[in-house]
Amino acid sequence: MMKVKKFKPKSDIKKSQTKRKKLKILFVTSESVPFAKTGGLADVSLALPAQLIKQGLDVRVILPKYKNIDEKRIKLEYVACNIPVKISDRTENMDILSSTINHTKYYLIKKDKYYDREELYQTKEGDYPDNCERFTYFSRAVLEALKAIDFKPDIIHCNDWQTGLIPVYLKTLYKTDHFFNNIKSVFTIHNIAYQGLFWYLDMHLTGLDQALFTYDKLEFYGKLNYLKAGIVFADKITTVSQKYIEEIKTPELGYGLHNTIKYRANDLTGIINGADYNIWDPPKDGYIAKNYTIKSVTQGKKACKKDLQIVADLSLNEDIPLIGMISRLAEHKGFDILSEVIDEIMNLGVEFVLLGTGEQKYYDLFTRVKSKHPDYCSINFIFNDELAHKIEAGADIYLMPSRYEPCGLNQLYSMRYGTIPVVRATGGLADTVKPVDIKTGEGTGFVFTEYSKEALFKTIKEAVELYRNDKKFWLKLQQNAMRENFSWEVSAKKYIELYRSLIQ
């Protein structure tokens, strides 16, 4: 009998072809490990593209070429030189370099005038005064770079205010350029508090029509707002946890953009960040003193704790509760309430290790704390990746008392290492840390709701007392935490679904 082909409507054929198509993604970021890092965005910019590639996408990453990139360790090659980029009424040429990290192709925009500086965005004294010009240039440079390297993506995935003009340019200045036909944009808000606010007279730098400087587009209380630009003009918007979506719809945590968020609510998706277990995993972590698994956590952490105490120049006491903290030293990270009870916490008989950079007032505060408790307090005003790993493995308790935390990554790392987090129930912290329940034996960390010094101190005290008084239950907590799985694999699949919904 002759086999008859089943009729397939053209629309179904087109849909099946779309599914088979290898998606091309340009991931635009202002920082990425191993090139430059100030926060979690840099970790995301390494891990998410790598996972998307693993799941079959063609992904390239682009960022500025900063001064602090270690060119002895990272091989960079020139791929294009003297590419003209418009800024205001003039042209500034750029070079494009490339490097391949973990099968991911990275492109770097080289313009020493803007990026050859000691820090990425600011010094201790404050933001660079020409940040508007620096990242306006970066946004246009990204689009010009695509033509120079002959890579036409289906989606340009933009991250935070530094890339907020790219969705605007796609729908205005570059709209008639055939190269950019059908390219869609996704814009991810990693932290709505950082908005890229600039003097309205800087509008000329963008090259955009002054008519865009209105309340429903780029204007924000008389200023230019680059985060708002991305939110208003992107085809789809994401943020880094489901709870954070609800928080940024409120006046308290929307930072003036809550109504803009509500307006775009139908195009907004919450996708939790993942943990890169290729890098953050105690059985294979090359930085720590002893590798361990869930079965060997007690002996493994004992060795790692001793190593951390030696490296951090602390008292060598394996029974003392050791609290770790890796953070940007900023008020919203909980340092305002922590500063009011840090002496009381130290008086509980604990050790404390801090790693991070940020505001001068917290440098002064923790320098004083260190002088009062020299054998029990280690303060490190640097970014040091090796020490970060040693803290995650060697600490007993990990502290994240944030006023708001869109997602957070260190609580995910801590749980993987059997280091019990103490967190405030906000954003991604609320979505990922399960409160301890003494009766059922469930939970992965200690959680408090009220943003106050009293609630913070009470919760830390509870954690410290449980650690001291019930080692059996503490081991159960560690095992609970280590079983949690926040792999990028799940999150990447959600991004792929979002990308495909756009091109279909």
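How do you make sense of the overall build of the protein when you look at a structure like this?
Looking only at helices and strands, one finds 19 helices and 20 strands in the protein. When the backbone C-alpha atoms are referred to their principal axes, the protein occupies close to 75 × 70 × 45 Å. Restricting the contact set of the protein to residue pairs at least 6 apart, pairs at least 24 apart contribute 71%. Once the 73 positive and 64 negative side-chain charges of the protein are each reduced to a mean point, those two points are 9 Å apart.

Can you help me understand helix H11 (residues 297-311) in this one?
Because each turn of an α-helix spans 3.6 residues, side chains separated by three or four positions end up pointing in the same direction. When the terminal C-alpha atoms of H11 are compared, their 20 Å separation across 15 residues agrees well with the 21 Å that a helix rising 1.5 Å per residue should span. Of the positions making up H11, those classed as buried are Val-297, Gly-300, Lys-301, Cys-304, Lys-305, Asp-307, Leu-308 and Gln-309. Among the structural elements, strand E15 (322-326), strand E16 (351-355), helix H14 (385-394), helix H17 (453-469) and helix H18 (471-483) are those in contact with the buried residues of H11.

How should a nonpolar patch on the surface be read in this particular structure?
Together, Trp-199, Tyr-200 and Leu-201 make up an exposed nonpolar region whose accessible area comes to about 340 Å². Inspection of the secondary structure puts Leu-201 in the loop between strand E10 (197-199) and helix H6 (203-206). On the accessibility criterion, Leu-201 (42% relative accessible area) is partly exposed.

Even after reading the chapter, I still don't get the packing of helix H12 (residues 335-346) against helix H13 (residues 360-372), so can you show me in this structure?
Packed helices, taken two at a time, are described by the angle between their axes plus the distance between the axes. Direction vectors running N to C along H12 and H13 enclose 5°, while the axes themselves pass 11 Å from each other. By the angle between their axes, H12 is roughly parallel relative to H13. Residues Phe-335, Asp-336, Leu-338, Ser-339, Ile-342, Asp-343 and Met-346 of H12 form the contact with H13, whose own contacting residues are Tyr-362, Leu-365, Phe-366, Arg-368, Val-369 and Lys-372. Residues belonging to the contact of H12 with H13 are distributed by class as follows: 8 nonpolar, 1 polar and 4 charged.

Hey, could you run me through the packing of aromatic side chains in this one?
Aromatic rings considered in pairs are described by the distance between their centres and by the relative angle of their planes. A full pass over the atoms with the stated rule returns 25 aromatic pairs. Plain terms: the ring middles of Phe-35 and Tyr-106 are 5.1 Å apart, the flat faces sit at 50° to each other, and that makes the pair tilted. In this pair, Phe-35 is assigned in the loop between strand E1 (24-28) and helix H2 (40-54) and Tyr-106 in strand E5 (residues 104-110), connecting sequence segments 71 residues apart. Neither Phe-35 nor Tyr-106 differs from the other in exposure class; each is buried.

What should I look at first to understand the sheet that holds strand E17 (residues 377-380) in this one?
Note on sheets: strands pair through backbone hydrogen bonds, and any given pair is parallel or antiparallel. Pairing within the open sheet is parallel, and its 6 strands lie in the order E17-E16-E15-E18-E19-E20. Bordering the open sheet on either side are E17 and strand E20 (446-448), each of which pairs with just one other strand. Taken pair by pair, the neighbouring strands of this sheet meet at an average axis angle of 15°, ignoring direction. Note: strand E18 (residues 397-400) against strand E19 (residues 420-424), 4 bridges, orientation parallel. Bridge pairing in E19 links Leu-399 to Val-422. Where H17 meets the sheet, it contacts E15, E18, E19 and E20, and its direction lies at approximately 165° from that of E20.

What's the story with the pairing of E1 in this structure? I'm lost.
On any regular strand, side chains alternate: one points to one face of the sheet, the next to the other face. Within E1, 4 of the 5 residues are buried, leaving the element largely enclosed by the surrounding structure. Two strands pair when backbone bridges link them, and E1 and strand E2 (residues 58-64) are joined in this way by 5 bridges, in the parallel orientation. Residue Lys-24 lies in a different strand from E2, and its bridge partner there is Asp-58. Once you follow E1 into H2 and on to E2, the crossover reads as right-handed. In terms of strand pairing, E1 meets strand E8 (residues 155-159) through 4 bridges, oriented parallel.

I'm lost on the pairing of E18 in this one. Help?
Burial along E18 is two-sided: the residues Ile-397 and Leu-399 and Tyr-398 and Met-400 are all buried. In terms of handedness, the path from E18 via helix H15 (residues 410-416) over to E19 forms a crossover that is right-handed.

Even after reading the chapter, I still don't get the nonpolar core, so can you show me in this structure?
Generally speaking, nonpolar side chains in soluble globular proteins are found buried as a group. Judged by nonpolar contacts, the single largest core of 100 residues is most densely connected at Phe-35, Leu-52, Leu-338, Phe-352, Phe-366, Ile-460 and Tyr-499. Counting residues per element, this core draws most heavily on H17, at 8 residues. Apart from the residues lying within four places of it in its own chain, the contact partners of Tyr-499 are Leu-23, Ile-25, Leu-52, Leu-57, Ile-155, His-157 and Val-186.

Quick question: what am I supposed to make of the sheet that holds strand E13 (residues 236-239) here?
Ordered by their spatial adjacency, 9 strands build an open sheet running E3-E4-E5-E2-E1-E8-E9-E13-E14, and the pairing between neighbours is mixed. Each having just a single partner strand, strand E3 (77-87) and strand E14 (268-270) make up the two edges of the open sheet. Across this sheet, the average inter-strand angle for adjacent strands is 25°, counted without regard to direction.

Just to check I follow, could you spell out H2 for this structure?
A rise of 1.5 Å per residue sets the reference length of H2, with its 15 residues, at 21 Å; its end C-alpha atoms lie 21 Å apart and thus fit the reference within 8%. Taken across its 15 residues, H2 has 11 buried, putting it largely inside the fold. Listed as buried for H2 are Leu-41, Ala-42, Asp-43, Val-44, Ser-45, Leu-46, Ala-47, Leu-48, Pro-49, Gln-51 and Leu-52. Gly-56 lies just past H2 and shows a positive phi near 100°.

Whenever I open this one, the environment of Ala-47 confuses me. Can you help?
Residue position: Ala-47 is located in helix H2. Among the residues examined, Ala-47 registers a relative accessible area of 4% and is labelled buried. For the pair Ala-47 and Ser-487, spaced 440 residues apart in sequence, the C-alpha separation works out to 9.9 Å. Excluding its chain neighbours within four sequence positions, the residues that come into contact with Ala-47 are Asp-276 and Trp-488.

Explanation requested: the packing of H17 against H18 in the structure shown.
For the pair H17 and H18, the least separation of the axes is 6 Å and the interaxial angle reads 115°. Across the interface between the two elements, Ala-463, Leu-466, Tyr-467, Arg-468 and Asn-469 of H17 pack against Lys-471, Phe-473, Trp-474 and Leu-477 of H18. Taken together, the residues that form the contact of H17 with H18 break down as 6 nonpolar, 1 polar and 2 charged.

I would appreciate a short explanation of unusual backbone geometry in the present structure.
Glycine aside, residues mostly have negative phi angles, and peptide bonds mostly take the trans form. Pro-34 follows Val-33 through a cis peptide bond whose omega is 5°. Its location among the elements puts Pro-34 in the loop between E1 and H2. For Asn-82, which is not glycine, the phi torsion reads 55° and is therefore positive. With a relative accessible area of 55%, Asn-82 lands in the exposed category.

Reading the values: rules and limits
Residues numbered from 1 in each chain as written. Predicted model: local features only at pLDDT ≥ 70, side-chain atom pairs only at ≥ 80, totals over all residues. Heavy atoms only, no water. Helix = DSSP H or I, 4+ residues; strand = E, 2+ residues; numbered from the N terminus. Contact = heavy atoms within 4.5 Å. Lys, Arg positive; Asp, Glu negative; His and termini not counted. Charge placed at Lys NZ, Arg CZ, Asp CG, Glu CD. Expected span 1.5 Å × (residues − 1). Buried < 20%, exposed > 50% of the residue type's maximum accessible area, 1.4 Å probe, protein only. Patch = residues over 30% accessible without salt bridge, like charges linked within 9 Å, V, L, I, M, F, W, Y side chains within 5 Å. Areas by Shrake-Rupley, 256 points an atom, 1.4 Å probe, with all protein chains shown as cover. Salt bridge = Lys/Arg side-chain N within 4 Å of Asp/Glu carboxyl O. Axes fitted to C-alpha atoms, helices over the stretch in contact; angles between N-to-C directions. Parallel < 35°, antiparallel > 145°, perpendicular 65-115°, else oblique. Nonpolar A, V, L, I, M, F, W, Y, C, P; charged D, E, K, R; others polar. Phe/Tyr/Trp six-rings, centres within 6.5 Å; stacked < 30°, edge-to-face > 60°. Pairing = 2+ DSSP bridges. Right-handed = clockwise from strand over helix to strand, strands pointing away. Core = buried A, V, L, I, M, F, W, Y, C linked by side-chain atoms within 4.5 Å.

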